[in-house]
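Breakdown of the fold
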Amino acid sequence: MNYEEKAKELARLVRAGDVVIFSGAGLSTESGLQDFRSKNGIWAHADPARLASVGALECNYDEFLEFYKARLYVPDEVKPNIGHKIVAKWEKEGCVKGVITQNIDRLHQRAGSVNVWELHGSLEPIKCHSCGKPGSNEDFLAGTPCKYCGGHLRPSVVLFGEMLPQRALEAADELSGSCKTFIVLGSSLVVSPANYFPRQAKMHGAKLAIVNLEETPLDGIADITVHEGIGAFLSDTEKYMRQQ
Ligand code: APR
């Protein structure tokens, strides 16, 4: 299939409903955020084990905080892009039944998506790493200790070495095991266990579509692969949905 045929086929699948969206950092680059593994991605210039792990938080807090503020924090002026908005529209129209995301930026929710499951947590709420009590974003960014116990404040993201949230894993399991179409948007699909869910969807008989600028390890099992920008491709898909 050529580009146009792929957009028409995806339009047909989305209109048929029971669609699950699986997103990665590549969906948010068109909002001005960096992804992780593109050639200029975050991990091209930083070691995740040294800067985004539990060890970094506990033993190297100042460096952890500086890295987080410089590279992971998403200020309010960062807005959802057309890709987030189309996904939210498809949920409102009853085509998309849920979103599984690896992203911590909450741009899906800010675009209007409701059934969103964050496998890697999210920036907020800020909490104390020692006592678990809430902290303010301002105190966290200023490096102010927990006002209850003096411990380190941290975001609610899943750091390397931490378990993924059980509820999100269960929801992702249920969604990927029961959908008719599973659409990957902007993920290199190299991080587990997140990259298990596209496989599970395929094993349960779903159609698998991957929209990603670069090749992924799962391209070989996908029914549709598109190595183009997400915003443009989803806009074209949306156009064909209106025509059919
Ligand atoms: N359109 C389509 N694809 C894009 C776009 C775009 N506009 N921008 C980037 N991409 C693609 C890149 O080519 C890359 O293959 O998105 C993919 C993003 O892959 P990663 O940077 O590896 O991000 P992700 O898959 O979300 O990483 C998973 O790794 O470090 C952890 O916790 C982190 O959640 C993250 C996880």
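This one's a predicted model, so the numbers in the text were calculated from it and none came from an experiment. (Residues numbered from 1 in each chain as written. Predicted model: local features only at pLDDT ≥ 70, side-chain atom pairs only at ≥ 80, totals over all residues. Heavy atoms only, no water.)

1. A word on the UniProt feature "active site" (unreviewed entry) in the protein
What counts here: UniProt positions are given in the numbering used here, feature names are shortened, and annotations may be inferred rather than shown by experiment. The helix count covers DSSP runs of H or I at least four residues long, the strand count covers runs of E at least two residues long, and both are numbered beginning at the N terminus. Using a 1.4 Å probe on the protein chains alone, a residue whose accessible area is under 20% of its type maximum counts as buried, one over 50% counts as exposed, and one in between counts as partly exposed. In what follows, a contact means two residues having at least one pair of non-hydrogen atoms within 4.5 Å.
The UniProt entry lists His120 under the feature "active site" (unreviewed entry), expressed in the numbering used here. Following the sequence through the fold, His120 ends up in the loop between strand 3 (116-118) and strand 4 (121-128). Residue classification places His120 among the buried residues on the basis of a relative accessible area of 16%. Ignoring sequence-local partners within four residues, the contact set of His120 consists of Thr101, Gln102, Ile104, Val157, Val158, Leu164, Val191 and Ala194.

2. Overview of the sheet that holds strand 7 (residues 207-211)
Put simply, the rule is: Two strands qualify as a pair provided that DSSP identifies no fewer than 2 bridges between them. Inter-axis angles, ranging from 0 to 180 degrees, are taken between N-to-C directions of lines fitted to C-alpha atoms, where helices are fitted over the stretch in contact.
Taken in spatial order, the six strands line up as 3-2-1-6-7-8 in an open sheet, and their pairing is parallel. Every interior strand has two partners, whereas the edge strands, strand 3 and strand 8 (224-226), have only one. The mean angle between the axes of side-by-side strands here comes to 15°, regardless of whether they run parallel or antiparallel. Sheet topology note: the strand 1 (residues 19-23)/strand 2 (residues 96-101) ladder contains five bridges and is parallel. By the bridge assignment for strand 2, Val20 is matched with Gly98. Helix 8 (residues 166-176) contacts strand 1, strand 2, strand 3 and strand 6 (181-185) of the sheet and is inclined by roughly 130° relative to strand 3.

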